[in-house]
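Here is how the chains run, residue by residue.
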Amino acid sequence: MSKVGLFGGTFDPIHHGHLITAQSVKELRTLDKIIFVPAFISPHKQHEKASSAEHRLNMLRLALNDIPFFECSDFEIKQHTISYTIDTLREFKKYFDEIDLIIGYDNIFKFHTWKEPNEILKLANVIVLKRKSSHPLDFVDKYVEAATFVQTRGIEISATDIRNRVHQGLPIHYLVPKIVENYIYEHKLYKA
Amino acid sequence: MHNNAAYIIPFASFLNPEILNAFENFTLEDSKFLKSSLYLNLVENFLTEENKTDYYFVLDECDRDFITDDFKIEKLNFHFADLKNQNLLFENLFFKEFNTHKNNIILSSDLIGINRIELDKYFNLLNIDDESLLIGKSKEGVIGVFGFNSYSVDIFNCLVKSDFNYNAFLSCIKTFNHFIHTLNDILLIKNIEHFKQLYIELSQKKSMEYCSQQMHEKFTHLFIEYKELLK
């Protein structure tokens, strides 16, 4: 029986925090693999300017290329519209028996605002990434109750910080895989 | 007293014939023999001269009057407890030990495939400053090894509430900050499929590392007796 994790996000850019976290979840949940699914436009970040989908996808592919248990899917990017999790899950459910949907800690407290949250719970186990620095539970509703919280290693790397550092000409060594760092410089990302 | 403590717990009576549940199609006597052999294999593996660990061997209160000669081992004292009441077991019986040892590991006595060297490696995983758990689970997700480096009643409440099911335990511990190390595919002998797996494992030379020749012979007796079930 195939059991996979779906890790959605903007991944602008993919960084070591994402990779370390995903590896933790794979181990803790005994998953066959984790599929990174970059959003074309995240419903939660509609007003934020992101790098082109092509660049984000390319960076993901470069970062994940050598890791056998990580994959990347262009499903949401190919839709060319706002990426709703429920639509992605319905697609992936055609191919996988069990899906762990990996979301950030703060997202679980906004989960009731997502499109068709009850349907999401029917299709996937909701896995919430938690860090030692995470604030205590804001409240407990049925979605928090249904979710599984996994403690991940406290790697405090932020994509926003990486973009800001590049913009300011500061180094980003050790924050992203070297191959991604080269891609960012080669394509002059985050300079504008 | 050492920094590390290991607790070997059967989670059910297996010596008292009036209470013992038969293992699959085994006779009661052979069920007792299988459970005893698994238990004594751990005793044999752990009770060596050079030890950095305090061991606590637990038996069910109902087995107190049914201890066989095999269990009468020099320097080995058993702790008797009502194993049906696991909350009480974890909160009362070992409360002092859990708090006085830096690292604690509970092992199900129907576990096979572990020796003292392996156990030391498990303890090393807990030997960090951050609050950590070590969870060994079978293919079916049953927790058979549970280690921790900081005692919390709430964690044990979740463990008991989840009935040692890994996924249920994981979804119960929403508010805890413990980092979790996992050991996958440990072998707990709970049904006939596991018994078949035991046969395969013990057929390999590597099994001598965690199962002596004498213990092999005990298991071989069962393999011969129930060879039809191994097909």
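What counts, and at which threshold
- Residues numbered from 1 in each chain as written.
- Chains lettered and ligands numbered in written order.
- Predicted model: local features only at pLDDT ≥ 70, side-chain atom pairs only at ≥ 80, totals over all residues.
- Heavy atoms only, no water.
- Helix = DSSP H or I, 4+ residues; strand = E, 2+ residues; numbered from the N terminus.
- Rg over C-alpha atoms; globule rule 2.2 N^0.38 Å.
- Buried < 20%, exposed > 50% of the residue type's maximum accessible area, 1.4 Å probe, protein only.
- Areas by Shrake-Rupley, 256 points an atom, 1.4 Å probe, with all protein chains shown as cover.
- Lys, Arg positive; Asp, Glu negative; His and termini not counted.
- Charge placed at Lys NZ, Arg CZ, Asp CG, Glu CD.
- Contact = heavy atoms within 4.5 Å.
- Buried area = accessible area lost by both parts, 1.4 Å probe.
- Salt bridge = Lys/Arg side-chain N within 4 Å of Asp/Glu carboxyl O.
- Polar contact = N/O pair within 3.5 Å; in protein donor to acceptor, adjacent residues only side chain to side chain.
- Nonpolar A, V, L, I, M, F, W, Y, C, P; charged D, E, K, R; others polar.
- Pairing = 2+ DSSP bridges.
- Axes fitted to C-alpha atoms, helices over the stretch in contact; angles between N-to-C directions.
- Phe/Tyr/Trp six-rings, centres within 6.5 Å; stacked < 30°, edge-to-face > 60°.
- Lys NZ or Arg CZ within 6 Å of the ring centre and 35° of its normal.
- Disulfide = S-S within 2.5 Å.

Chemist: Where do I start with the overall build of chain B in this structure?
Modeler: When its secondary structure is counted, chain B shows eight helices and nine strands. A compact globule built from 231 residues should have a C-alpha radius of gyration of about 17 Å, and chain B, at 17 Å, falls within 12% of that. Projected onto its principal axes, the C-alpha positions of chain B cover 50 × 35 × 35 Å. For chain B, buried positions account for 54% of its 231 residues. Entry remark: accessible area of chain B is about 11,000 Å², with carbon and sulfur atoms responsible for 48%. Taken as two groups, the 22 positive and 34 negative side-chain charges of chain B have centres that lie 4 Å from each other.

Chemist: Could you clarify how one ought to interpret the interface of chain B and chain A in this entry?
Modeler: Think of interface size as the accessible area that goes away when the parts come together; that is how it is often given. Each partner contributes to the interface: chain B provides 15 residues, whereas chain A provides 19 residues. The junction of chain B with chain A conceals about 1,400 Å² of combined surface from both sides, 51% of it contributed by carbon and sulfur atoms. When the area that chain B buries against chain A is broken down by residue, the three leading residues are K174, N177 and F179 of chain B, summing to 45%. Along the contact surface separating chain B from chain A lie zero salt bridges. Taken together, chain B and chain A are joined by eight residue pairs in polar contact (both at pLDDT 80 or more). When residues of the side of chain B that touches chain A are traced back to their parent elements, those giving at least two are α6 (166-172) and β8 (179-183) of chain B. Per element, the largest residue contribution to the side of chain B that touches chain A is four residues, and it comes from α6 of chain B. The residue inventory of the side of chain B that touches chain A, partitioned by class, reads five nonpolar, seven polar and three charged.

Chemist: What am I meant to see in the sheet that holds strand β6 (residues 132-137) of chain B here?
Modeler: All names here are of chain B. Taken in spatial order, the seven strands make up an open sheet running β3-β2-β1-β4-β7-β6-β8, and their pairing is mixed. Edge positions in the open sheet fall to β3 (78-81) and β8, since each of these has one partner strand only. The sheet shows a mean angle of 20° between the axes of neighbouring strands, taken without regard to direction. Against the sheet, helix α2 (residues 86-93) makes contact with β1 (4-9), β3 and β4 (103-108), and its axis sits at roughly 130° relative to β3, the strand it touches most. Across the sheet, helix α4 (residues 116-126) lies against β1, β2 (53-60), β4, β6, β7 (143-148) and β8, angled at about 135° from β4, the strand it touches most.

Chemist: Quick question: what am I supposed to make of the pattern of salt bridges here?
Modeler: A side chain of one charge can pair with a side chain of the opposite charge when the charged atoms of the two come close. Taken as a whole and assessed by the stated rule, the structure comprises 21 salt bridges over all chains. Note that K35 of chain B and D110 of chain B form a salt bridge whose closest N and O atoms lie 3.9 Å from each other. Of this pair, K35 of chain B sits in helix α1 (residues 28-46) while D110 of chain B sits in the loop between β4 and β5 (111-112), and the two are 75 residues apart along the sequence. A salt bridge links R116 of chain B to D120 of chain B, with the nearest nitrogen and oxygen atoms 3.7 Å apart. Placement of the pair is R116 of chain B and D120 of chain B together in helix α4, with a separation of four residues, close to one helical turn. Judged by relative accessible area, which is 15%, R116 of chain B ranks as buried. By relative accessible area, which is 14% here, D120 of chain B ends up buried. Among the charged side chains, a salt-bridge network with shared partners connects R61, D74 and K78 of chain A.

Chemist: Would you explain the sheet that holds strand β1 (residues 3-9) of chain A in this entry?
Modeler: All names here are of chain A. Pairing is parallel across the open sheet formed by six strands, whose spatial order is β3-β2-β1-β4-β5-β6. Both edges of this open sheet fall to β3 (70-72) and β6 (148-151), since each of them pairs with a single strand only. With strand direction ignored, the average angle separating the axes of adjacent strands in the sheet is 30°. By the bridge criterion, six bridges tie β1 to strand β2 (residues 33-38) in an arrangement that is parallel. Within β2, the position partnered with G5 by the bridge is I34. Where helix α1 (residues 16-28) meets the sheet, it contacts β1, β2, β3, β4 (98-103), β5 (125-130) and β6, and its direction lies at approximately 140° from that of β2. The strands touched by helix α2 (residues 53-64) are β2 and β3; relative to β3, the strand with the most contacts, the crossing angle is about 160°.

Chemist: Honestly, the packing of aromatic side chains in this entry has me stumped. Any pointers?
Modeler: Aromatic ring pairs are defined here through the distance separating the ring centres and the angle between the ring planes. Enumeration over the complete set of coordinates arrives at 42 aromatic pairs over all chains. Taking 3.9 Å as the distance between ring centres and 5° as the angle between the ring planes, the aromatic pair formed by F26 of chain B and Y226 of chain B counts as stacked. Of this pair, F26 of chain B sits in the loop between β1 and α1 while Y226 of chain B is found in the segment after α8 (213-225), placing the two residues 200 residues apart along the sequence. Across the pair, Y226 of chain B and F26 of chain B agree in class, each one buried. Between the aromatic rings of F148 of chain B and Y151 of chain B, the centroid separation amounts to 6.2 Å while the plane-to-plane angle is 45°, which identifies the pairing as tilted. Side by side, F148 of chain B and Y151 of chain B carry an identical accessibility label, which is buried. Directly above the aromatic system of F69 of chain A lies the positively charged group of K26 of chain A, at a separation of 5.0 Å from the ring centroid. Positioned over the ring face of Y166 of chain B is K137 of chain B, at 4.5 Å from the centre of the ring.

Chemist: What's the story with the state of the cysteines in this structure? I'm lost.
Modeler: Cysteine pairs can be covalently joined through their sulfur atoms, and such a bond is termed a disulfide. Residue and element names in this part refer to chain B. A full pass over the atoms with the stated rule returns one disulfide over all chains. The disulfide bridge from C158 ends at C172, spanning 2.1 Å between sulfur atoms. Its S-S torsion of approximately -70° makes the covalent link between C158 and C172 left-handed. With a gap of 14 residues between them, C158 in helix α5 (residues 153-161) and C172 in helix α6 connect regions that are remote in the sequence.

Geometric values such as these leave the question of function open.
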